[in-house]
Structure formats: structure tokens, C-alpha cells
Amino acid sequence: MKDGIDALRLTAEAGGGPVEPFGTAGRISAMDRLASSLRDILGHNARADVISFAGGMPAGELFDAEGITAAYSRALRSPRQVLQYSTTEGDPRLREAIALRLSARGLETTRDQLVITTGAQQALALLSAALLVPGDAVLVEEPTYLLALQCFACADAAVIPVPCDRGGVIPEALEEAVARHRPKLLYLIPEFHNPTARSMPAERRREVAACAERHGLWIAEDDPYGELRFAGRPEPWIASMPECHDRTVLLGSLSKTMAPGLRLGWLRAPAALRQACVTVKGAMDVHSSTIDQAAAAAYLDSADVDGHLARVCSSYRERCESLLTGLPEALPAGSEWVRPAGGMFVWARLPEGHDAADLLRHATERGVVFVPGAPFFSGPPDHTTLRLSFPTHTPGEITEGVHRLGRAVADMSDTQT
């Protein structure tokens, strides 16, 4: 592994002076804060009397339980194979099925370019372990995915936030951050971003790709939500752009399209980095679950996946619209939010002087919860922000939840006066 990783570091080297890492104490402190935020989110989801807009979970009642059950039955027709050890890279049939779906969506892919992982989170962990050394700078969108921050903290990386607008990272700010910090990696969620729900337009993606080419920058393009589109047209993957196709790792997951309990994800990477990730994974868990991979392959081969996703997207569109319809009356005057074209979230900003954590305390008393935006920031947090997730409740429940949120806003205003 060392030779492969050393070669990768030579090709990815951007030069320049060191960037201060978290250090052990700082890393543990950052991880503790993130873990506490995650426990709070999961705790809110577990309360039966609460309407939770907190957890980023798909709608369980929309799982294709019948199709997945049938897929497991087909997989178990070969028990000696699917209950045995397997290859670290993953089941060839599953890699082939995912490669075909990626190719159909405009990114020519072969199964040999893919590694199956235990969820997309492991894919990011493998990439971090294979590519980063303590002190390496990693650029992230501000704000960004909570568990990505935790992953980079574990790698002892120096996380540098890049200012964003509604189109994602601002190109001038990205250039400035690259020149100043000389990072190894840029982590992005270009489609239906978590937590902000924004999508990066094609021209912005091309600017990011050109920046990566100029500066020898690796890109991690995280795409867990891309197939959950319910409005507009898809944009090209950064991984498909000629300027940086050899410098981009595409991360994906079956958690949002099949079921998160499978814990199956994947990464698509250039050969040397892919092999380094395979070596790290072999040391970590040998391979992801053989039976689950076989069942996922059987499902993707035989089920009407696109039809299933169309039904999911239609339901998510309706649920998102219910949430958006109620927000003008629920949130304080002057609040702002993004209307997403897909995914699972709505990101809102309260007027100056308001604190989302304070609102959450009142909301919890009213039986509705959300996630304050502060934990998603790697730099100074914006305490006026909040993330609302809509998939796990019916439109009627969402309407009731928004009413409760409006009453919590009124409670907060009464307290302040």
C-alpha cells in the first residue's frame, strides 16, 4: 500500500508550507462535538410523540420491501457462494450493475473502476486514509455534511471552509483558498447538498474542474442524493469533465435508492487511488457483506428501479411542497430558505438576532424538532440557520409539524419580549 499511496501523493502534491492540523486534543474535541450533535438528531427521531424534521432518513414506507425480499431469496439460491468470504473490491455483479446505471446517467464506467464499501461513509473514510496524512489541508463547502467533518477530524486533517453562495463554492474564494492553503483534497456535494439543498450549476462545476486541473487538486464528489430529483434537469458530474476526470473520486450509496440498512456504498476512482483504497479496506473489514451485495445485485438486475425511484421522487415532491407551503407563516418575518429540486432537505435562515438552538428548545416543547445549522459549519457557525428534513412524514403530518413550529416561534417571541 505504501508504494501506491506514495505515488499518489507525488501526483497530487501541490507544494507549499504546512497547514496546522487539529492535533490530538483538537481532533478528539471536534469528534466529541460532532458525535453529540448526531446523538441529539437520533434521539429526536426516536420519540414517538414528536414530529421530527431532524434526521436525514428516507421514507421507510416507500422501501420496495417486496422487491428486496425477493432479491434476497434469489441470492440465497447459491448459499455456498453468498454466505462465504468474498473479494475486497466487491461482488462483480453488483459492481457491474452500478457501472451500468452510472453509464446510463452519462458517466461511462466499468465495474473495474468501482469498489463496494460499507456505506458511502466508509468510502470517504477509505479515501481519507489512502490520500491524507496528518496536517494535510482539506477544503470543504461552508457549511457541509456533518459526518464528513468527523471523517476528516479522524484523519487529523486541517479542514478549511470555502465560502459558498446558492451555486456552491464561489470560484474566486476557491482560488484564494487553494493559493493560501495548498490543499490535497476538495470535498463537495454538488447535487442536493446536505445540509443546504442547493445544486451546483454546470458552469460552476466546470470552473471547479479547471481549478483542480491547474493546481493538482483531488476532488471527492459525494452524490448520495442525485437520483432523488423531482424538478429540473440533472447536471453533469464533475467526475465526467475532462479537466479532472483523473483527479476526481465519485462516492455513491444505495441507502437512499434501496435502503440504508443494507449499508452498501461505492467509490469510483482512478486506478492508483482505487487500489490504495482497496488495500485500506482489506485491512479494515476484508469486504462488505457478501449476502447483502448479492441481494443488491439481484435487485438492480431484476427490479424496476427507475419506476420505484419515480414513485419515491413523486412522494418527496409532495412532502417537500407541504413543508415549503407552511414555512412563510411558521418562521419569523424576514426568514429565507432554499426551494430544492430534489434530495431530502430544506435549509432555512432566520433573521438576524434569532438563534436556531433557542428556537429548537421551544419547538421541542411543542412536539416538533429540526437540526440547528451550527454543527454543519467548520468555521464560525451561523446560529440563525436550520435544516429541515421532509421524507419521513406524510403531507398531513408535515403540515401539523409546521403549525407546531409556528407556535414555537410565537413562544420564542413572547419570551424575548
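On a predicted model such as this, the values are computed, not experimentally measured, just so you know. (Residues numbered from 1 in each chain as written. Predicted model: local features only at pLDDT ≥ 70, side-chain atom pairs only at ≥ 80, totals over all residues. Heavy atoms only, no water.)

Undergrad: I keep staring at the packing of helix H13 (residues 356-366) against helix H14 (residues 395-416) and nothing clicks. Help me out?
TA: The axes of two packed helices give the description: the angle between them and the distance between them. Axis separation between H13 and H14 bottoms out at 8 Å; the angle between their running directions is 125 degrees. Relative to H14, the element H13 lies oblique. The two elements H13 and H14 meet at a crossing, and its hand is right-handed. Taking contact as the criterion, the partners of Asp358, Leu359, His362, Ala363 and Arg366 in H13 are, on H14, Arg404, Leu405, Arg407, Ala408, Val409, Asp411, Met412, Thr415 and Gln416. Of the residues contributing to the contact of H13 with H14, the split by class is six nonpolar, three polar and five charged. (Axes fitted to C-alpha atoms, helices over the stretch in contact; angles between N-to-C directions. Helix = DSSP H or I, 4+ residues; strand = E, 2+ residues; numbered from the N terminus. Parallel < 35°, antiparallel > 145°, perpendicular 65-115°, else oblique. Left-handed = near helix turned anticlockwise from the far one by under 90°. Contact = heavy atoms within 4.5 Å. Nonpolar A, V, L, I, M, F, W, Y, C, P; charged D, E, K, R; others polar.)

Undergrad: What is the right way to look at the nonpolar core in this model?
TA: The nonpolar side chains of a soluble globular protein tend to be buried with one another. Counting 44 residues, the largest nonpolar core has Phe53, Leu323, Phe370 and Leu405 as its most contacted members. Contributions of two or more residues to this core are made by helix H12 (305-330), strand E12 (345-349), H13, strand E13 (368-369), strand E15 (385-389) and H14. Broken down by element, the residue count for this core peaks at eight residues, all from H12. Excluding anything up to four places from it in sequence, Phe53 contacts Leu323, Val368, Val369, Phe370, Arg387, Leu388, Ser389, Ile398, Gly401 and Val402. (Core = buried A, V, L, I, M, F, W, Y, C linked by side-chain atoms within 4.5 Å. Buried < 20%, exposed > 50% of the residue type's maximum accessible area, 1.4 Å probe, protein only.)

Undergrad: I'm lost on the sheet that holds strand E2 (residues 114-117) in this one. Help?
TA: Strand order in this open sheet of seven strands is E2-E10-E9-E8-E7-E3-E4, and the pairing throughout is mixed. The open sheet has two edge strands with one neighbour each: E2 and strand E4 (158-162). Within the sheet, the average angular offset between the axes of one strand and its neighbour, ignoring direction, is 20 degrees. (Pairing = 2+ DSSP bridges.)

Undergrad: How should I be thinking about empty space enclosed by the protein in this particular structure?
TA: Empty space among the atoms can be located by rolling a probe the size of a water molecule over them. In total, this model carries two cavities of 30 Å³ or more according to the counting rule given. Empty space within the largest cavity amounts to approximately 200 Å³. Considering the residues around the largest cavity, the lining is formed by 16 residues, among which Arg105, Glu227, Ser253, Thr257 and Trp266 are closest to the centre. Take the lining of the largest cavity: its biggest share by element is three residues, from helix H5 (residues 92-104). Its residues assigned to classes, the lining of the largest cavity comprises nine nonpolar, three polar and four charged. Taken as a whole, the second largest cavity encloses approximately 60 Å³ of empty space. Residue lining of the second largest cavity: Pro58, Ala59, Leu62, Phe63, Ser255, Lys256, Thr257, Met258, His308, Leu309, Val312 and Tyr316, and that is the complete set. Among the residues forming the lining of the second largest cavity, the class breakdown is eight nonpolar, three polar and one charged. (1 Å grid on protein atoms, 1.4 Å probe; cavity = no way out; pocket = protein on both sides within 12 Å on 5 of 7 lines; lining within 4 Å. Points joined across faces, edges and corners; volume = space filled by probe spheres on them.)

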